[in-house]
Structure formats: structure tokens, C-alpha cells
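What the coordinates show
Single-letter residue listing:
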Amino acid sequence: MGLTRQYLRYGPAALFGLVASARGSAAFVALRGERGRCVAVPACEHVFVWDTRKGEKVLILKGVKQEVSCLCPSPDGLHLAVGYEDGSIRVFSLLSGEANITFNGHKAAVTALQYDHLGGRLVSGSKDTDVIVWDVINESGLYRLKGHKDAITQVLFLKEKNLLVTSGKDTLVKWWDLDTQHCFKTLVGHRTEVWGMALISEEKRLITGSADSELRVWDITYIQEVKDPDEPKSKKGKGSSPGAEENSEEDETLELDESPEERLVKCSKVGSIMREGRDRIVTLATDRTGKILACHGTDAVLEVFSVLSGEEVQKKLEKKMKKAKKKNKQSSEEEPETNVELSLQEEIQRVTNIKASSKIKSFDLILSPKGELKIVLLLQNNIIELYNLNLSAQVPQAVRASKITIGGHRSDVRTLAFSSDNIAILSAAAESVKIWNRSTLQCIRTMDCEYALCSLFVPGDRQVIVGTKTGKLQLYDLASGSLMETLNAHDGAVWSIALSPDQRGFVTGGADKCVKFWEFELVKDESSIQKRLSMKHVRILQLDEDVLCVRYSPNQKLLAVSLLDCTVKIFYVDTLKFFLSLYGHKLPVLCMDISSDGTLIATGSADRNVKIWGLDFGDCHRSLFAHDDSVMYLQFVAKSHLFFTAGKDGKIKQWDADKFEHIQTLEGHHQEVWCLALSPNGDYVVSASHDKSLRLWERTREPLVLEEEREMQREAEYEESVAKEEQPVVAGETQGETGLAGRKTIETIKAAERIMEAIELYREETAKLTEHKAICKAVGKEVPFPVNPILRAYGNITPSAYVLEVFKKVKSSELEESLLVLPFSYVPDLLRLFNEYIQLGLEVELLCRALLFLLKIHFGQITSNHMLVTVIENLKKTTISRVSEARDVLGFNMAGLQYLKREIEAKDEVMFFADATDRFEEKKRKRKKKEKMVLAVL
């Protein structure tokens, strides 16, 4: 067998040029205890934490492969829950930047995340219509709630009661009782999708936003509470839309019909607030205190509302009452006392509108104790803006405090180029040209340009030329960052530019059916003494079709021109005479390149194929199906017959043009890849995509063997197919509103396999041990017993202790799913072992959880098996005693902590935690009152 040809692997080196992805949500995070300064934003598969004051990236929470779709910081500010496109959720520590917990339960993208007020539970909603409640402390799933018929848009915990409210694109708002895990109420008052929800007025009101400009307001009454008869009712529909009253009545009738017994909560529509935006709500949220409500649609305007607190409402009512009484006194006739009510518009007042520089994708609010509101906006065009709003001012005006833009382009990068020394990277988009340092990934220069389509570094790397959509060539000087010259080169777009191998000039191809030849020259301006570089038009080649791509052969004898008629024509450079025509593509050739030895030309087309041709006779060596969409860019690695292609399918692939083999796929971009550039030494590849990111790939020293690569690919495909398989079913269970939180993944299968292997080892070892004892008895003396190497590696532990070790290593979030795929033949052994462990008091909590789950799923088989009756009886005794012991220890510890708390409080004469802050706030309020009174007296 001949030697296998080895290649060197290219690996991801960096992601840059991205400030924030437009998908997902922005959130303020508290780093080093400071709130309102750092903001977490999604950045493709990572999460970037930006310091808005310095405009610097302070932390990167690294993802794996899938794009981030949702963010939610924990109430204590120490963790950040991140939802991904594949349905997984990871909880990161903001102190270390590591992902501590991973939850797998959803089959599609996570669309909503919310912590409860203590941070112990996390609820997630997804495009797969399920809502899952997770236990963050135990790192496991609690249950899955099914009921919505379309993607979930928002999930909210109610602080006071153990309730959950969810909204979806199916126009429904559902209320769930988490004690019984069932939906006890559905609001059906919306005609279109419910895009957002928020709780205000100490969770007494719910606001919903849908596809119209109406924010519907619902009153929440807890049935256990008896309402104070003197409490004034809020007026229905005053100042709301004309049809609001009819609407609310209609909504209420619908509700009453639907749930005649309203045991927990009564929810009735009060009216609506009109937004100025005419389109659908994109984000609707309040700050942590619930005093400020903000929302935005698909445009660039954020609308901010202020919600009056109970005390403020009371004060306003008293004022109104006084006015009404005065009126009554003035009017001579005796009128019955009028009933005074506050309209909804008076309770929820519009503060201001904030106009951002581009479409808003998401926002977050934080209200400082001084009454200043900080708002962070994540915009569609790769920008983060921070606004300050002083609410105590007479007319609150939003002031832009900072803007993070330098790290990326506003629009998609359409052209890339490497400098000849492999250090500088040029990227150009619709509005600017940026020069990046490859090693530090810092943006060195930003220069305004027109819509760029192609670019190159002038030999010497001191100037760059950009070809634009309007047919201009723009020449920039890098030292000063200024535009030196603009030439009208073509009547249509300049689609392609190629430097001549002798480096004295270049050639351009445009939509005006021309190929133009240019030379560099030094010209002297009248104003300056020094000469400067310029471009001189030398020759023109007129063709019948639009020119899409031009390339020189390395010896500068031939010029390849790709045309809109799907062919590639090759001409002699000196005479411009026709030499060859390469035809075979079904759609136009968008990109091509000639190898450095001039023997091969590779062409990539919109028909998704790459063809490799010989340049001597124009014969097609091979046609390769390269991508699942158009091939956008193709380039050979210097001094080799290897080439890279970039496709609209978001992939970059490396190929061998001699063996016609696909070597490697570089996966990372989440949307179409527009262009790529290879460094002259072939060590680096840089690519640009519609996801606004630029990615740098580096050639490693690691050899790549094709057989191994194919094997890894097959494994990855198998793992993917496992996750897509039908989920295992618990015997005898019908599909109800609730289900298991987890889902079958390759990790849960591997965990089950590890448990099976451990039990098999235990069986073998116990059999060997009994055999060994029999031999010792027969011989009459102690014979050395061979210890299993695995047990020796664990420090000569017993086989049963090894099973427990394996069990402890199963992730808490994967335990139930792993036991679900475990065959029943292993369960009797497990139950016996559990009995042994619990008697010794080992891992009681974990084992009880596993035991109860096994009893639930194998109930029939366990109860009908006579061999297991005694085991279950023993388990019953030991478990009850051990669990009550654990409970006693917990109770004792709790009482001890309470006692210590009382001791400390008595010593310091202060209340602890929340009480202390309340007292502080009260003092502050009194002091302000006093100051006001003094001022009034003066």
C-alpha cells in the first residue's frame, strides 16, 4: 500500500469584526459589583461582555458551535444563562467565564429565558412550543410544560405565588400552577401573536404586546385575597382605543366561558395604551423595579413609559378628590359627590421616545437609585448604544452616553485582501474600508468608501484600491487614511480586480461588458512637490456579456475572464486574442483562480459546482459538487494545487485539485460566506459572512489524514441522528400537559453505557470473588487474588464502590434520561446496590432520586418480579430512615443558621439583608421630606 498523502489541518484562530449579533438579546451584567456599566450581547456562538464606558471587550463566554439565541442574567448577578439555536442552555459564571451547567431539553432554538426571584429555578421557552422548568442548584430539569401550539415568545415567574405565565405565537397567554404543573387559565383576548409580556405594579398587572400598536393591560387579582371595598377601581378603557371597551367585554366573556372555576387568579382586561409604532412589538420589558416600562417595534424608536407606584396613585387620587370637592362647592346646585378615578393613561405615563441610529433588535434597562435610567440598545447594524435618561428632569431627554462601533462594519463585508507581508487584512463593506492587524485583530484604519465589491493592496502595502458598485476605483493611502483618488472606471459595477504578476498594474472587469487594463504611475500635483501614486488606463477588451471575474496566469501570458453567459473565456494578454473557452457550468461562474504553476484553473459557479480544468488545452479534469448553495469565492493556496472555496451554505471547504478530494470543511459561520482571502504564505485564511463576523483560520502543524477525517464526520452525523430520534417513552404513560425535562442525546446514551459497563464489571468481579473464595477453601490457604486494572486505577476500591463512582459522575441534568435508556436487565442489580449504599448512608439524595425514577418507569416489571420483593422491602426501611436522618440534619443546620443570624443581629443591632436596605430607603425618604419642608418654610 502506498503512502497516504498527508495535509495540514486549518483550525479556527479568531472571530473579529463583530460587535454584537442581531439575534438574541442584550442584558446588563454586574461585573465586579458595578451595575449599568457592562453589557452582555450575543456574538455568533459566543457572548461578548463589553465595558460601555471604555468601549472594550472585558469577557468572552465561549460557545461551541451553535448560535446564541437568548440571554438572561441571574438575580444575584453572578451567572448568565445562555440559550442556543439547537435548544441547549448553558449557565456561565461571570467571575470565571466558564460554563458550569448545561441543560439539554429543547429540540429547537431557545426563545425565552427567565430566572425566578431567588435564582434557584430557570424557565425556558423554545420554538418547539415547550416550556421547561430547570433546577439550577441541583443542575437538573424539573418538568416540561406542553400546551402552546407555536413558538414561545415570553416566560415570566410570579414572585408571590408559585405561578408561571407564558405567551406564544399561537395568540395565547397561559397561566401555569407550578405546584400541580398544569395550565389552569388561558387568555384568549388577542387576535394575533403575543410577542411580549411584562408584569408591573407589584405583579398586580400584566401588559401584553402583539402585532398591532395596542399594549393590552390586564388586572390580576389573586382569589385568596379579599379586596378592600374602599379601594378605587381603575377606570376601564378611558383614553384607550375606541373599540377597547367592547374588546374588553368580549375578552372577559371568552374567559368566563373558558374557565368557569377561577380558583387561583382572576385576570380581566382593564384597557390599553397606544404605542406610536404601527408594527408588531419586538421587545417589551420593564426594569428590575417595575417602575419603567419600555418597548420597541421593528423600527428605530424605543418608547419609554413610567408606571406609578401604589403610593403615587393614592396621592394623585387625593388631589383629584380635592379638585372635585372644590368644583362641587363652587357649583351652587347640590350635586351628588362624583366618583373620582384615575385613567390608565395617568397611571402609565409616556416619558419619552428614543430614536436610535438604526433598527433596534433588543434592549435592557437599569434604574439607578438616584433616578437615572440607563438603556442599552442592540442595533441591527452591529452597534451597541447606551443612553442615559434623567427621570427627575421636567422634560426627560435621552442623552447618548456611548456607542460601540469601532470593532466592525455596519453592513456585510463584500471583499477581503491580505497584504504581501501576511500582517495586514483589508475588509470593505457598503460604507467603509477597514485595515486590521492580523496578530492583534485590532482595527488600525477606518476609511469611508462607496459600496465596495473588490479590493487589492498596491505592491508595497502602503496604498489600497477598492472597486465599487457604481463603477469607481478608489485609491487610499494607509499612512494618512485618506482617499487619494477616485476614477470612473466602468459604467456598471466593478465586479473583479486582479493584480498583474509583474506588479506594475492590474486589470478590472465590470458590468459594462469591459475588461480594462491599468498601470501604476507617479504623478505630480500642482499643489505639492512630492509625486504620488496614480492609476493610468492603458487598454480595453470589449466583450459581449457582463464580466464577473478576471484572473491573470502567473506568467502573465493569459487572462481568464468569467462571463454572465456561464462560460470562461481565456485570452492572450499581449495581443488580446481569444485562446480557449471553458463551458460546462449551468449558471454563471462567480469566482475562479489559477494555480501558482499556471497548469490548472478552478472555477466556482452559482450551480454549486466547482470544475477543475487544464490550462493548456481547456479540458475539464473533474467536476465536484462543492456546496449546498452558490460558490461565492475560490482561491488556490500559494505553491500548491490545494484550493479553498466559500459558499452561500455558510461553509468553507478545502480541496485537492490533483486527487479531486475534499480535504476539510471549516465550519463556524452561521450564514452565507461572501468572500475569503488567503495570506501569501498560505498560513492564514480570513473569511467574511452575512452574520457580520470576520473569521481567521490558521494552518496548524497537526497532520490531517483523510480516512480519520471521514470517520469523524460519520461519527458526528451519527450523534446528530441520535438526537433527532424518537424520544424514549415511559410505559403506561399518556401524553399529558407535563413531561420529562431532558431529552435523549449522545451524552445520555454514553452515560447509560458507562453505567451498564460498571454493572457488568461488578457482576464479573463478584463472580470471580466467589470462585476465588471456593479455591481458597479447597486449597486450604489464601491464594493471591488478581485485582481488575480499572479498580486498581481507582485505588483498589470494591466493585460496588466503582459502580457508585460511575453513578456520581453522571451529570445531574442527564441522570433521568440515562436511566430511561438503561435496559431492565440491569435494574435488579442496581436496586440491590442502592440498598447497600443507602444502608451505609452514601449519596442518599442522589440515590433516592434515581431509585424513585426507576420505580416510576419500571413499576410493572419490578412489582411483578418476586425476586425483588425483599429488595424493595429492605429499600423501603433503609430509605425512610436515612431520608428522615438527612432531614433532621438539614433542620438542625437551618435552626443553627437562624440562631447565628439572630445573634449577629443582636450584636450589631441591625436587621439582616433585605430588611437593612428597606430601613435605609425609609430613612432616605424621611430625610428628603424634611428637606422639602425646610425649603417650603424658607
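Residues numbered from 1 in each chain as written. Predicted model: local features only at pLDDT ≥ 70, side-chain atom pairs only at ≥ 80, totals over all residues. Heavy atoms only, no water.

Closest axis-to-axis distance for the helix H7 (residues 799-809)/helix H9 (residues 827-840) pair is 11 Å, and the angle between their directions is 95°. As summarised for this structure, H7 and H9 are arranged roughly perpendicular, according to the angle between their axes. The residues of H9 that touch H7, namely those facing Ser-800, Ala-801, Val-803, Leu-804 and Phe-807, are Leu-830, Leu-833, Phe-834, Glu-836 and Tyr-837. Class assignment of the residues belonging to the contact of H7 with H9 gives a composition of eight nonpolar, one polar and one charged. (Axes fitted to C-alpha atoms, helices over the stretch in contact; angles between N-to-C directions. Helix = DSSP H or I, 4+ residues; strand = E, 2+ residues; numbered from the N terminus. Parallel < 35°, antiparallel > 145°, perpendicular 65-115°, else oblique. Contact = heavy atoms within 4.5 Å. Nonpolar A, V, L, I, M, F, W, Y, C, P; charged D, E, K, R; others polar.)

Pairing between the strands of a sheet comes from backbone hydrogen bonds, and it takes one of two forms, parallel or antiparallel. Spatial ordering of the open sheet is given by S1-S56-S55-S54, a layout of four strands whose pairing is antiparallel. Edge positions in the sheet fall to strand S1 (7-16) and strand S54 (673-678), since each has one partner strand and no second. Averaged over all pairs of adjacent strands, the angle between their axes in this sheet comes to 25°, without regard to strand direction. Where strand S55 (residues 684-689) lies against strand S56 (residues 694-704), five bridges are found, and the strand directions are antiparallel. The partner of Val-686 across the bridge, within S56, is Leu-696. (Pairing = 2+ DSSP bridges.)

Membership of the largest hydrophobic core comes to 37 residues, with the highest contact counts inside it found for Phe-807, Leu-819, Leu-831 and Phe-834. Those elements that provide at least two residues to this core are helix H5 (746-779), H7, helix H8 (815-820), H9, helix H10 (844-857) and helix H12 (869-908). Apart from residues lying up to four places away in sequence, Leu-831 is in contact with Leu-851, Ile-862, Leu-868, Val-871, Ile-872 and Leu-875. (Core = buried A, V, L, I, M, F, W, Y, C linked by side-chain atoms within 4.5 Å. Buried < 20%, exposed > 50% of the residue type's maximum accessible area, 1.4 Å probe, protein only.)

Averaged over all residues, the pLDDT of the protein equals 87, while 91% of them reach at least 70. Within the model, the stretch residues 225-261 combines pLDDT values under 50 with 50 contacts to residues more than four positions away or in other chains. (pLDDT = per-residue confidence, 0-100.)

So, about helix H4 (residues 706-724). The periodicity of an α-helix, 3.6 residues per turn, causes residues three or four places apart in sequence to face the same way. Compared with an ideal rise of 1.5 Å per residue, which puts 19 residues at 27 Å, H4 spans 27 Å between its outermost C-alpha atoms and is within 8% of the ideal. All of the buried residues along H4 are Leu-706, Glu-709 and Val-722. (Expected span 1.5 Å × (residues − 1).)

Let us now look at the pattern of salt bridges. Taken as a whole and judged by the stated rule, the model has 31 salt bridges. With its nearest N and O atoms 2.8 Å apart, the salt bridge here joins Arg-205 to Glu-347. Residue Arg-205 is located in strand S19 (residues 205-209), and its partner Glu-347 is located in helix H3 (residues 344-347); the two are separated by 142 residues in the primary sequence. Given a relative accessible area of 5%, Arg-205 falls into the buried group. For Glu-450, the salt bridge is made with Lys-472, and the minimal N-O distance between the two is 3.5 Å. (Salt bridge = Lys/Arg side-chain N within 4 Å of Asp/Glu carboxyl O.)

Here we come to the packing of aromatic side chains. Under the defined criterion, the tally for this structure stands at eleven aromatic pairs. Among the aromatic residues, those joined into a ring-pair cluster are Phe-506, Trp-518 and Phe-520. When the ring centre of Tyr-684 is taken as reference, the NZ or CZ atom of Arg-438 above it lies at 3.9 Å. Residue placement shows Lys-469 over the ring face of Tyr-451; its charged tip is 4.5 Å from the ring centre. (Phe/Tyr/Trp six-rings, centres within 6.5 Å; stacked < 30°, edge-to-face > 60°. Lys NZ or Arg CZ within 6 Å of the ring centre and 35° of its normal.)

The contact between H10 and H12 brings their axes to 11 Å, and the two run at 140°. Here H12 runs oblique to H10, going by the angle between their axes. Here H10 runs over H12; the crossing is left-handed. Facing H10, whose interface residues are Val-844, Cys-848, Leu-851 and Leu-855, H12 presents Ile-872, Leu-875, Thr-879, Arg-882 and Val-883. Along the lines of polarity and charge, the residues of the contact of H10 with H12 split into seven nonpolar, one polar and one charged. (Left-handed = near helix turned anticlockwise from the far one by under 90°.)

What follows covers the environment of Ser-272. Relative to the helices and strands, Ser-272 resides in strand S21 (residues 265-274). Ser-272 sits 54 residues away from Trp-218 along the chain, and the two C-alpha atoms are 8.7 Å apart. One polar contact links Ser-272 to Glu-214, side chain to side chain, over a distance of 2.7 Å. (Polar contact = N/O pair within 3.5 Å; in protein donor to acceptor, adjacent residues only side chain to side chain.)

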